[in-house]
Structures are given as C-alpha cells and as structure tokens.
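Observations on the model geometry
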Amino acid sequence: MFQKMYKNKHQWARKIGFGFSPNDDIPLDINAWNIEQLNDEFPSFGLNKVGLWPEEYNFSIKQRLERLDKHITYRNKVQAENIDRQEKNKRVRASKKEADVDKYDVYKLWNSAIYDNDMFKQRLLHFWTNHFTVGGSNGWRNYVIGDLIYNVIYKNLNGSFDDLLYLVTSHPGMLDYLDNQTSIGENSKEAKSLKEEGKIAGLNDNLARELLELHTVSPARKYSETDIRNTAKVLAGWGVFVGDFIEEFNNHKKWKNISGNTKLEEFVLAPYVKGRAEPGKKVVMGKTFPSGPKALRKLTNMLAKDDFTAQHLSKKLAVHFIGENASNGEVKVIYDTWKKSNGDLAAVHRATLKVAQGTKNKKFLWPSTWMFQSIRVSGARFIKENESGGGFGRIQDNGRPAYEPLGILDEIGHNFWASRQPDGYSEKKIDWVSTEHLDRRIRIASRIFRAGPSRSGEEIADLLDFSDRTKLVISKGRGSEEKFIIALCSSDFMEV
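One structure accompanies this document, and this report is about it.

Calculation notes
- Residues numbered from 1 in each chain as written.
- Predicted model: local features only at pLDDT ≥ 70, side-chain atom pairs only at ≥ 80, totals over all residues.
- Heavy atoms only, no water.
- Helix = DSSP H or I, 4+ residues; strand = E, 2+ residues; numbered from the N terminus.
- Buried < 20%, exposed > 50% of the residue type's maximum accessible area, 1.4 Å probe, protein only.
- Lys, Arg positive; Asp, Glu negative; His and termini not counted.
- Salt bridge = Lys/Arg side-chain N within 4 Å of Asp/Glu carboxyl O.
- Axes fitted to C-alpha atoms, helices over the stretch in contact; angles between N-to-C directions.
- Parallel < 35°, antiparallel > 145°, perpendicular 65-115°, else oblique.
- Contact = heavy atoms within 4.5 Å.
- Nonpolar A, V, L, I, M, F, W, Y, C, P; charged D, E, K, R; others polar.
- Phe/Tyr/Trp six-rings, centres within 6.5 Å; stacked < 30°, edge-to-face > 60°.
- Patch = residues over 30% accessible without salt bridge, like charges linked within 9 Å, V, L, I, M, F, W, Y side chains within 5 Å.
- Areas by Shrake-Rupley, 256 points an atom, 1.4 Å probe, with all protein chains shown as cover.
- Charge placed at Lys NZ, Arg CZ, Asp CG, Glu CD.

What follows covers the side chain of aspartate 69. With respect to the element layout, aspartate 69 can be found in helix α3 (residues 61-80). For the buried aspartate 69, no salt bridge is present, and the opposite-charge side chain at shortest range is arginine 75, 9.5 Å distant.

Viewed as axis vectors pointing N to C, helix α1 (residues 9-16) and helix α6 (residues 119-131) meet at an angle of 30 degrees, and their least axial separation amounts to 8 Å. Considering the angle they form, α1 stands roughly parallel to α6. Each of Ala13, Arg14, Lys15 and Ile16 in α1 lies in contact with α6, whose residues at this interface are Met119, Phe120 and Arg123. Class assignment of the residues belonging to the contact of α1 with α6 gives a composition of 4 nonpolar, no polar and 3 charged.

Topologically, alanine 310 is positioned in helix α16 (residues 307-321). Judged by its relative accessible area of 0%, alanine 310 falls in the buried class. Sequence separation between alanine 310 and glycine 136 is 174 residues; the distance between their C-alpha atoms is 29 Å. Not counting the four nearest positions on each side in its chain, alanine 310 is found in contact with Tyr335, Trp338 and Lys339.

To continue, consider the packing of aromatic side chains. The full count for this structure, using the stated rule, is 20 aromatic pairs. Geometrically, the ring pair formed by phenylalanine 132 and phenylalanine 161 is stacked, given 6.3 Å between the ring centres and 15 degrees between the ring planes. You can see phenylalanine 132 sitting in the loop between α6 and α7 (142-153) and its partner phenylalanine 161 sitting in helix α8 (residues 161-169), a full 29 residues away along the chain. Taken individually, phenylalanine 132 and phenylalanine 161 each receive the classification buried, so the pair is uniform in this respect. Consider the rings of tyrosine 425 and tryptophan 432, whose centres lie 6.1 Å apart with planes at 55 degrees: the pair is tilted. Like tyrosine 425, the residue tryptophan 432 is buried in the burial classification.

Glancing now at the environment of glycine 159. Residue position: glycine 159 is located in the loop between α7 and α8. Take glycine 159: its relative accessible area is 21%, and that puts it in the partly exposed class. In the structure, glycine 159 is positioned 186 residues away from leucine 345 in sequence and 5.6 Å away in space, judged by C-alpha atoms. If near-sequence neighbours (up to four positions away) are discounted, glycine 159 is found in contact with Gly343, Asp344, Leu345 and Ala346.

This part is about the packing of helix α12 (residues 225-235) against helix α15 (residues 294-305). Where α12 meets α15, the closest approach of the two axes is 8 Å, and the angle between their N-to-C directions is 140 degrees. It follows from the interaxial angle that α12 and α15 lie oblique. Counted together, Thr231, Val234 and Leu235 of α12 and Ala295, Leu296 and Leu299 of α15 form the full contact between these two elements.

Applying the stated rule across the entire model yields 26 salt bridges. Taking the shortest distance from any N to any O, the salt bridge between lysine 429 and glutamate 495 comes out at 3.3 Å. One end of the pair, lysine 429, is in the loop between α20 (404-412) and α21 (435-450); the other, glutamate 495, is in the segment after α25 (491-494), and 66 residues separate them in sequence. For lysine 429, a relative accessible area of 32% puts it in the partly exposed group. According to the relative accessible area criterion, glutamate 495 is buried, its value standing at 17%. Across the pair aspartate 439 and arginine 443 runs a salt bridge whose closest N-O atoms are separated by 2.4 Å. With aspartate 439 and arginine 443 both in helix α21 and 4 residues apart, the pair spans about one turn of that helix.

Turning our eyes to something else, we now look at a negative patch on the surface. On the surface, Asp29, Glu36, Asp40 and Glu41 cluster together into a negatively charged patch. Residue placement: aspartate 29 occurs in the loop between α1 and α2 (30-39). Residue aspartate 29 is classed as partly exposed on the basis of its relative accessible area, which comes to 44%.

With that settled, consider unusual backbone geometry. The phi dihedral of methionine 285 falls on the positive side, at around 50 degrees, and the residue is not glycine. Structurally, methionine 285 is set in the loop between β1 (282-284) and β2 (287-289). The buried category is assigned to methionine 285, whose relative accessible area is 15%. The phi angle at aspartate 465 is positive, at roughly 55 degrees, despite the residue not being glycine. A residue is classified by how much of its surface remains accessible, and aspartate 465, at 54% relative accessible area, is exposed.

Encoded structure:
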C-alpha cells in the first residue's frame, strides 16, 4: 500500500521516475503501471515525441570506433599537409563534427528522461551509469560512453548482475578509463621484450582496485593488497586506448597474439591481448583462477555472487531511490531479494520499487534528475526542433551549437560524459545544497520558464501537494517567472 505521500500519483512518478507531463496519460491503476515499468517494452521517442528515435543514431561499438578512427586518420593527414594553420583547424573541426557521436548520445539521455514512458528504467539507467562510472577525457572516450550506457547497461537492466558486471568490466570504455590498457603482466611476452630494450613494464591496478572497492564487494569484504594485485594480474592484457583501437587492431604484427579474435567485431567486445597477459594461476580472495581470457569471467562471476556485493549494492539502491535515511529493514528487503534471486536484476529492481512505495523517507534529487523532472512536469518545450529543418535541433536558445545539451549538464554539475572520479556522483544531500549549486538550479529554472511551460509555479505546487508554507512563499513571488523558479527550487520539489 502507498504511504500517504504517495497517494499522489504525480509525486510517486517523481519518486521513481521523472514525473508525469501535462500530455502523459495518468494511469488509473498505479500498481499495474508499476509492473509495466519493468516488464513492458517502450519505444524511444525523438524530439518532443515527434516520431521515434532514429535507428541510424543507435551506433554500435564497432561503428563508434570506426567513426573515431576515420576522424583521427583524416586529422593526421591534414596536419601533415603544407597548408595554412587556420585552414587545417577548419578542416579538422569539420571532420570532428561529422564523426562525433556523443552529441547524439546526450540528446538521447535528455529525450528519454523527458519524453519516454519507461521512466523507472531510465532512473535505473542513471543509477547504474553512475555506479559504473566511465568519465570522459580528451574526447576519444566520449565515443564509447554512450555504448556502455545504452547497449550494455540499459539492455541488461532485467538481466543478471554477473552478466552486467562482466560486460561492463570488459568494455573498451571502462578498460580505457581506468588505464587497464597500460597494465602489462610482469612475466608476459611484451614485458620481457620491453625489458630486453631496457624499458620497464608492469601492472596498473586502477581497474582491479575499483572492481573490488566500488563495483562489487566494497572494503567491508576486507580483501588484501595481494588480492588487488592478483586481480590486476587477471585483468592484465585487457584493453586498448580508445583512440588507437582500429589502428592497433590493423597492425597485425603487433597484435599477432590476439587470442581467438580474428575479426574487429569480436575484438571490440573482448579486447584481450595475449602477449600482454600475465601467465600462470592467480589467487583472489582464496579462489584460484587460470591464465587466459576466460579467467576474467570467472572472477566477475565470483565477485557478483559474493554476499558483500549483495549488501553493498542493496544499500546503494536503497539510498538512491529511498534516501540517505533508508532503514536497515528497507535495505534488507532488497538484499533478501538479491540473495534469493541470485542477483537477478529484474527481481532486485522490483523489490526496490516495492520498498520505495512504502517508505516515509525523502530523497534529495540529483541535479540532472531535478532538471529533467522540472522540464517534464512543467511541460516546457525545452528541447525543440531545428528551425532550419533536419538534424536534432537545439536547446531553446537559437543559434547555440548542437553541443549545448552537454554544456547544460556541465553547467548544472551533473554530466555523465564529464571527467570525474571513479566513485561517481555523490548521493548525499550535503554535497548538492551549497549556494553555488542552488544558484545553478535557479539559472536552469529560469531557462525552463523561458521555454514556455504549460504549468505555472502555482499549478505545480497544487499538483504535487506542496506545503501551505511553500505555497505562501510562491504566492509572494514578483511575477510568473519568479513564482515558477521558487516552485522548482523549493525543498518540496527538490526532495521527494
């Protein structure tokens, strides 16, 4: 049964999703709607629900790497030509604009949150994208972050955690982000060859450390530095610099030791280089793993099934959807389901939904979650079609570049494509309530108002059952814009 605060369907849709827009059909049976959120297949819309998301922009990982390689090859060719620097820069910029995929990925993130009907899945997508953080860098990694988000995480939201963990860990983006492509087994063929040349090669334990500390068992498992080092040995040989992927693959002499991979399609899904791998057996947390690429899947399976992983992730899910004050009992419902289902994510997510449905706790919303809810609930046409026709269009301000959605996520301080620490964005309210962060929300709320919302600040307050105190403050606002901003930046809206 719903607690009192969730008798309001609009509030419930905000608790686990992004809220109902003025154009959404409000479900008569909210419990049936809850089940549909996880079980049904929903279309991904284009701009303002004008048609479906173009299939041609659902890039595969192979297509992404090929586009990047084409741009890099062209850039190198242009830079070697004897032409004016200004002309070089112009050509390189045009090539990059043609090759880039992240602008489409970011638009899809916006569109899905604002217009799609699978809002609980979209919120889960954001949670797991943050859990498995892969930040951008010099721009090359941004070519593959969208693949991790849409083709790995989203497609496996109803699958098993052990499958998801392996697919994420072996993904080119994760391997690049945590520098595993620089990790070379100390007894590998390449290490020995480098040693003969007077060079030093060794293990990089970044991915090994985060795999244990952040992605699975957490430090509560009390694993040792030896376990981290041996995990790094299992991972040695996995990974290639994203920007060098195609070129290195095509360099047959260097990659003649690629184990069992003769096609690019196969290699990008399991970028393992035998010549860099550490030979011999490795022991991690008391279990022995063989040499070779299959050891990684055995390792991730072990970690996925560890009781400490179930504890760690059950708590994270509870905090994300229920709030920092999620009780031990609420966490236990998710944990018990995790253990009983052996990490079946569909069952775990249903348990999370059930617990959120009965909680009295409130969650302070992430900046991007707040922004997408503000746009959706208010009915603002914040994303609009390109007035010149074709393309994806622009964010409200005419004449701004098509990269503006990425810039707005940067402005609000919550961009999944940004360079950041491996532990992802904080779930703690205290980290998002500074004067600076509130000022950012005020600026975004003002822009949303200028995008022509169909609900006023007063209407939003009534719709979401704001407190009388908050409604009074809104009523004292000087004009409709100020009232709108007060409503969106009130604690009644920022916490749910």
